[in-house]
Amino acid sequence: MPGLDLLPLAQVPTPVEEVDLSGVLGRPAARAWLKREDRSGAEMGGNKVRKLEWLLGAAIARGSRSVVTSGGVGSNHALATAYHAAEAGLEAHLAIFPHHVSDGSRRTLRAMCSMAAGVTFCPSDLLVPVVLAGVAGRLRVSGRRPSVIVPGGSQPVGTVGAVDLGLELAEQVAAGELDAPDAVFVPFGSGGTSVGLALGLQAGGVRCPVFAVRVYPLPLTSRAWLRTLAAGTVRLLRSAGAEMPAPDTRLLRVVGDQLGAGYAEPTEAAGAAREVGRALGIALEATYSGKAFAAFLDAAGSPAWRGRNLVFVLTYDARIPAGLEAAPDDVVPSPLRRYL
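Residues numbered from 1 in each chain as written. Predicted model: local features only at pLDDT ≥ 70, side-chain atom pairs only at ≥ 80, totals over all residues. Heavy atoms only, no water.

> Looking at this model, I keep getting lost on the overall build of the chain. Mind explaining?
Scanning the chain from N- to C-terminus turns up 10 helices and 10 strands. Over its C-alpha trace the chain gives a radius of gyration of 19 Å, about what one expects of a compact globule, namely 20 Å for 340 residues. Principal axes of the C-alpha set define a box for the chain whose edges measure 60 × 45 × 35 Å. Buried residues in the chain amount to 56% of all 340 residues. Once local pairs closer than 6 in sequence are excluded, the contacts in the chain between residues at least 24 apart make up 79%. Counting every atom, the chain has about 13,400 Å² of accessible surface; 53% of that belongs to carbon and sulfur. Distance from the positive charge centre (33 side chains) to the negative charge centre (30 side chains) of the chain: 7 Å. (Helix = DSSP H or I, 4+ residues; strand = E, 2+ residues; numbered from the N terminus. Rg over C-alpha atoms; globule rule 2.2 N^0.38 Å. Buried < 20%, exposed > 50% of the residue type's maximum accessible area, 1.4 Å probe, protein only. Contact = heavy atoms within 4.5 Å. Areas by Shrake-Rupley, 256 points an atom, 1.4 Å probe, with all protein chains shown as cover. Lys, Arg positive; Asp, Glu negative; His and termini not counted. Charge placed at Lys NZ, Arg CZ, Asp CG, Glu CD.)

Here's what the structure looks like:
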């Protein structure tokens, strides 16, 4: 895209598949489609790959030698950043904060610590801005010219990757690969994927609500934040020469009843949704995709949506590059070993 720098990473387009929810739910259900973002990468996929194409491309264009970002102990964003930054010849420095852990998050923690050039323990997610600033400052002093990537990569340049996702889905509708959706469901953590998806669909001529399923507490998952990020992303794209309509954030709707006790805290609904996913042959985790799929199943099984077309964006890729998931304890900094 003119004025923006792309580092090609994603294997696109990712496929869309229709699934029979009536059979697994045991009752009539909406027509259901999966947008398989879990297949966006050769070794690691998921929704972060599209964001990192633009974020790492921008870092390289600025002459950065390193990137700095943050996430929880099971953060797929942090792992994907460490992996793809190393593939691009950049150092990745991570600030990692604690939360409820599972076997999956322990595997992810080992893998991200194996890939990253540096890992700093952040005592709380509330301290992320302070810790990121400190890590970036130390790197500047050493001459590494760091680029800071916000948690989840949800800044305007990263959100451009999710706009690509929305445009691609609109093109697949136009090509007849799926029927025009009446609604699309996606996890809402840092907001970039839901915002970019909504903007891309609108730009591609598909006007339907995007239901952003909150998996992180307020105030960081507010409607005001979604509006701010949408406006900033449109400004960036227009400054780069793209024709973008004014964002209609009325089509971006927040589902707030799946969070449970908090970020990464398991819920019964997400557990049940993961079981349905297994029956359909897809992998879901408890923090993001499981909670979002629970909301999707609630809608699909509701008489209000019966016979209509619903799309679920599968953002989670369970794969970890070979060998990294079994990395030894000593690759993990000592303050984080208690979470193994």
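> Can you walk me through helix 7 (residues 192–203) in this structure?
Within an α-helix, residues lying three or four positions from one another point in the same direction, as the helix has 3.6 residues per turn. In a regular helix each residue adds 1.5 Å, so 12 residues correspond to 16 Å; helix 7 covers 16 Å between its end C-alpha atoms and thus fits that length. With 11 of its 12 residues buried, helix 7 lies for the most part within the structure. Along helix 7, the residues classified as buried are Gly 192, Thr 193, Ser 194, Val 195, Gly 196, Leu 197, Ala 198, Leu 199, Gly 200, Leu 201 and Gln 202. The first or second residue beyond helix 7 is Gly 205, which carries a positive phi of 85°. (Expected span 1.5 Å × (residues − 1).)

> Would you mind showing me how to read the pattern of salt bridges here?
Side chains that differ in sign of charge can pair as their charged atoms come close. Using the criterion set out here, one finds 16 salt bridges in the structure. Of the charged contacts in the structure, one is a salt bridge between Arg 31 and Glu 18, with a shortest N-O distance of 3.0 Å. Linking Arg 31 in strand 2 (residues 31–36) with Glu 18 in strand 1 (residues 16–19), this pair joins segments that are 13 residues apart in sequence. For Asp 38, the salt bridge goes to Arg 36, with nearest N and O atoms at 2.8 Å. (Salt bridge = Lys/Arg side-chain N within 4 Å of Asp/Glu carboxyl O.)

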